[in-house]
Amino acid sequence: MAYVSGFLVAVPEGNKAAYLEMAHKGWEVFKDYGCLEMHENWEDDVPEGKVTSFPMAVKREAGEKVVFSWMVWPDKETAQAGFAKMMEDPRMKDMQDMPFDGMRMMWGGFEPVAVFRA
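Each value, and the rule that gives it
- Sequence order as written defines the numbering, with residues in each chain counted from 1.
- Per-residue local features are limited, in this predicted model, to residues with pLDDT of at least 70; the limit for side-chain atom pairs, both in listing and counting, is 80 or more; totals at the level of whole chains, interfaces and linings are taken over all residues.
- As a rule here, side-chain values come from all non-hydrogen atoms in the structure, and water together with hydrogens is ignored.
- Only runs of H or I of at least four residues qualify as helices and only runs of E of at least two qualify as strands under DSSP, and these elements are numbered from the N terminus.
- Atoms counted for the radius of gyration: C-alpha only. Globule rule: 2.2 Å times the number of residues to the power 0.38.
- Note on exposure labels: buried denotes an accessible area under 20% of the residue type's maximum, exposed denotes more than 50%, and partly exposed covers the range between, all computed with a 1.4 Å probe on protein chains only.
- Contacts are assigned to residue pairs that have any heavy atoms within 4.5 Å of one another.
- In this tally, Asp and Glu contribute negative charge and Lys and Arg positive charge; neither His nor the terminal groups of the chain are included.
- The atom standing in for a charge is NZ when the residue is Lys, CZ when it is Arg, CG when it is Asp and CD when it is Glu.
- Every helix has an expected span of 1.5 Å times one less than the residues it contains.
- Centres within 6.5 Å make a pair out of two Phe, Tyr or Trp rings, where for Trp the six-membered ring is used; the pair is then stacked when the planes are under 30 degrees apart, edge-to-face when over 60, and tilted otherwise.
- Definition used for salt bridges: Asp or Glu carboxyl oxygen within 4 Å of a side-chain nitrogen of Lys or Arg.
- At least two DSSP bridges between two strands are required for those strands to pair.
- Lines fitted to C-alpha atoms define the axes, with helix axes restricted to the stretch in contact, and inter-axis angles between N-to-C directions lie between 0 and 180 degrees.

- The protein chain goes by DUF1428 domain-containing protein in an unreviewed UniProt entry, where it is assigned to Rhodalgimonas zhirmunskyi.

Quick look at the structure:
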């Protein structure tokens, strides 16, 4: 069964091009280790919450946008093995200078339970 890994991060608006360049480089690595799809989504209509929200989750600051990203893998085992191998891949060193505050990034792995399509 497919497996999804995803993350949320706040990216300064002026770093959008740098973020997308980093994401493209990341995709080249991820697909080599079995990732099937990668989706990068830039904040467009993300309201502030009173109790919880995407902006609150990443402690979004003025001038930042929330990025919601996810990757689809064939299964959990492929995702876990891929991430372990990526940590040793020299191409990942090119991405150590991130265009955002990695301390406010959150991520996780998810087992799909339903997919609805038109």
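## A short note on the overall build of the protein chain
Argument step 1. Looking only at helices and strands, one finds three helices and four strands in the protein chain.
Argument step 2. Since a compact globule built from 118 residues should have a radius of gyration of about 13 Å, the 15 Å found for the protein chain is in line with a globular shape.
Argument step 3. By its C-alpha atoms, the protein chain is 35 × 35 × 25 Å across when sized along the principal axes.
Argument step 4. Taking all 118 residues of the protein chain together, 31% fall into the buried category.
Argument step 5. Here the analysis covers contacts within the protein chain between residues at least 6 apart in sequence; of these, 82% occur between residues at least 24 apart.
Argument step 6. Taking the 13 positively charged and 20 negatively charged side chains of the protein chain as two groups, their mean positions are separated by 2 Å.

## Focus: helix α1 (residues 16–32)
Argument step 1. In this model α1 runs 24 Å from its N-terminal to its C-terminal C-alpha over 17 residues, within 8% of the 24 Å that 1.5 Å per residue would give.
Argument step 2. If you check which residues of α1 are buried, you get Tyr19, Met22, Ala23, Gly26, Val29 and Phe30.
Argument step 3. Glycine 34 lies just past α1 and shows a positive phi near 105 degrees.

## Details of the packing of aromatic side chains
Argument step 1. Counted by the stated rule, this structure contains five aromatic pairs.
Argument step 2. With centroids separated by 5.4 Å and ring planes inclined at 55 degrees, the aromatic side chains of tryptophan 73 and phenylalanine 83 adopt a geometry described as tilted. Note that tryptophan 73 is positioned in strand β3 (residues 64–73) and phenylalanine 83 in helix α3 (residues 76–86), a separation of 10 residues in sequence.
Argument step 3. Through pairs of rings, three or more aromatic residues link up here, namely Phe30, Trp73 and Phe83.

## Here's the deal with the pattern of salt bridges
It is possible for side chains bearing opposite charge to pair when their charged atoms get close.
Argument step 1. Evaluated as defined, the whole model comprises eight salt bridges.
Argument step 2. Between glutamate 43 and arginine 60 there is a salt bridge, with its nearest N and O atoms 2.6 Å apart. Of the two residues, glutamate 43 is situated in the loop between β2 (37–42) and α2 (54–57) and arginine 60 in the loop between α2 and β3; the sequence distance between them amounts to 17 residues.
Argument step 3. Between aspartate 89 and arginine 91 there is a salt bridge, with its nearest N and O atoms 2.8 Å apart.
Argument step 4. Owing to a relative accessible area of 33%, arginine 91 belongs among the partly exposed residues under this scheme.
Argument step 5. One salt-bridge network, held together by shared partners, links Asp32, Asp89 and Arg91.

## Here we look at the sheet that holds β2
Argument step 1. A sheet is described by the order of its strands in space; here four strands give the open sequence β2-β3-β1-β4, paired in antiparallel fashion. Among the strands making up the open sheet, the edge pair consists of β2 and β4 (106–110). Put simply, the sheet's adjacent strands are angled 15 degrees from each other on average, direction ignored.
Argument step 2. Where β2 lies against β3, six bridges are found, and the strand directions are antiparallel. Pairing of histidine 39 across the sheet is with tryptophan 70, part of β3.
Argument step 3. Sheet strands in contact with α1 are β1 (3–12), β2 and β3, and its direction is about 170 degrees off that of β2.
Argument step 4. The sheet contacts of α3 involve β1 and β3, and relative to β3 the element is tilted by about 120 degrees.

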